[in-house]
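Examining the three-dimensional arrangement
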Amino acid sequence: MLKDRNSHGDGMSMRMKAIVWIAAIMVGITGASYGLGMFFTQRGLMGTMDKDLELARNIADDLVSTKIDLLKSDAWTVAERLVQTESNKELVDTMEEQLKQYRNFVGFTVFDRHGIVAKYGNPTTDSTLLGESKYLDLAFEGQSVVSTTRTTTSGADPVFHVCVPMGTTRVLSVSIPGQLFSDLLSPYTLWETGNIFVIDEDGTVVASKKRESVRDRTNFIQSANVDENGREL
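Residues numbered from 1 in each chain as written. Predicted model: local features only at pLDDT ≥ 70, side-chain atom pairs only at ≥ 80, totals over all residues. Heavy atoms only, no water.

**Focus on the side chain of threonine 109**
Rules: Strands are runs of DSSP state E lasting at least 2 residues, helices are runs of H or I lasting at least 4, and numbering of each runs from the N terminus. We call a residue buried when its accessible area falls under 20% of the maximum for its residue type, exposed when it is over 50%, and partly exposed in between, using a 1.4 Å probe and counting protein chains only. Any N or O atom pair separated by 3.5 Å or less is treated as a polar contact, with the protein-specific requirement of one donor-capable and one acceptor-capable atom, and with residues adjacent in sequence counted only for side-chain atom pairs. Throughout, a residue-residue contact means that at least one pair of heavy atoms, one from each residue, lies within 4.5 Å.
Looking at the element boundaries, threonine 109 is found in strand β1 (residues 107-112). Its relative accessible area of 0% is what places threonine 109 among the buried residues. For threonine 109, the side chain forms a polar contact with the main-chain nitrogen of threonine 125, separated by 2.9 Å. Apart from residues no more than four positions distant in its own chain, threonine 109 is found in contact with Ile116, Ala118, Lys119, Thr124, Thr125, Val171, Leu172 and Ser173.

Shown next, in the form of structure tokens:
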């Protein structure tokens, strides 16, 4: 009888071991399936995010590039009309007419190599930029360029300058609102809360849904090098 009870006990023990092993295998399979599911889900999510970001970048690039091309073209048109004037009074009168025609423009300034020849609108380009601005230099060399944002003497929102040649000895600098590209991109959002922003070559925000970032000329590179007390790291 003792032998039979031991045999029965061994059988129960084997069954329990089998149950434990089966349970362990099931837990392992379930864990592996969950892990694989999470891996592929995360991988799919990252892929979707990459595609969304790429799409946002393309949208911003197309919109901003197209707008810049249009601004340059309009500035060239104004410059060609100003070249045809014969006196400074006629130059200013023509500026006044052109400012009414192009709603993205807020001010005109004509430079020669010695300084300001004529200006109209508000704000106009500061005379101190002559000789200090690479954008004006490029325009004197025959290129049309759009500057990064510049602060104004009035302390209002910064402005961009579109600089184009005006004949062979003069340059037209057109002032445009600093929030222009922000307004252009603000209707587009990512995942309901994200927004598209643009920075210049130095890291300064030139377009953002957060208008104060453009107004204050927030610079991510400089911010990364400053501690919470405003001291450089």
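Having seen the structure, we can now continue with the description.
**Some words on the pairing of strand β4 (residues 159-166)**
Condition: Note on pairing: DSSP must find at least two bridges between two strands before they are called paired.
Summarising burial for β4: 8 of the 8 residues are buried, a large majority. Examined bridge by bridge, strand β3 (residues 145-146) and β4 share 2 bridges and lie antiparallel to one another. Within the sheet, the bridge partner assigned to valine 146 lies in β4 and is valine 162. Where β4 lies against strand β5 (residues 170-177), 8 bridges are found, and the strand directions are antiparallel. Across the sheet, cysteine 163 pairs through a bridge with serine 173, a residue of β5.

**Considering the sheet that holds β4**
In space, the 5 strands of this open sheet follow the order β2-β1-β5-β4-β3, with antiparallel pairing throughout. Here the strands that pair on one side only, and so sit at the sheet edges, are β2 (115-121) and β3.

**Concerning helix α2 (residues 88-101)**
Rule in force here: The span expected for a helix works out to 1.5 Å for each residue beyond the first. Directions pointing from the helix axis toward each C-beta atom define the arc.
When the terminal C-alpha atoms of α2 are compared, their 20 Å separation across 14 residues agrees well with the 20 Å that a helix rising 1.5 Å per residue should span. Among all positions in α2, only Leu91, Thr94, Met95, Gln98 and Leu99 are buried. Seen end-on, α2 carries its buried residues on one side only, within an arc spanning 140°. Of the exposed residues in α2, the ones pointing more than 90 degrees away from its buried face are Lys89, Glu97 and Lys100.

**Description of the nonpolar core**
Condition: We call a set of buried Ala, Val, Leu, Ile, Met, Phe, Trp, Tyr and Cys residues a nonpolar core when their side-chain atoms join them within 4.5 Å.
Residues Phe105 and Leu172 are the most contacted members of the largest nonpolar core, which totals 29 residues. Secondary-structure elements contributing two or more residues to this core are α1 (2-83), α2, β1, β2, β4, β5, α4 (180-185) and β9 (205-207). Sort the elements by how many residues they give to this core and α1 lands first, with 6 residues. Not counting the four nearest positions on each side in its chain, phenylalanine 105 is found in contact with Leu71, Asp74, Ala75, Val78, Leu99, Val174, Ser175 and Ile176. Listed in part, the 9 residues of the second largest apolar core include Tyr135, Ala139, Phe140 and Val145.

**Focus on the pattern of salt bridges**
Selection rule: Just to be clear on terms, a salt bridge is a Lys or Arg side-chain nitrogen sitting within 4 Å of an Asp or Glu carboxyl oxygen.
For the structure on display, the rule yields 4 salt bridges. Close ionic contact of lysine 89 with aspartate 93 constitutes a salt bridge, the shortest N to O distance being 3.0 Å. Taken together, the residues span about one helical turn, with lysine 89 and aspartate 93 both in helix α2 at a distance of 4 residues. The salt bridge partner of aspartate 216 is arginine 215, with a shortest N-O separation of 3.2 Å. A residue is classified by how much of its surface remains accessible, and aspartate 216, at 48% relative accessible area, is partly exposed. A relative accessible area of 45% places arginine 215 in the partly exposed class.

**A short note on the confidence of the model for the chain**
Heads up, the condition is: Here pLDDT means the predictor's own confidence in every residue, given as a number from 0 to 100.
Overall, the prediction assigns the chain a mean pLDDT of 77, with 67% of residues at 70 or greater. When the elements of the chain are averaged for pLDDT, α1 gives the smallest value, 62, and β5 the largest, 96. Per-residue pLDDT stays below 50 along residues 1-9; that stretch engages in 0 contacts with residues further than four places along the chain or on separate chains. Long-range and interchain partners of residues 14-29, a stretch whose pLDDT sits below 50, account for 0 contacts in this model, where long-range means more than four residues apart.

**Observations regarding the environment of serine 186**
Locating serine 186 in the fold gives a position in the loop between α4 and β6 (189-190). In sequence terms serine 186 and serine 208 are 22 residues apart; their C-alpha atoms lie 7.1 Å from each other. Of note is the side chain of serine 186, whose polar atom sits 3.2 Å from the backbone oxygen of aspartate 183.

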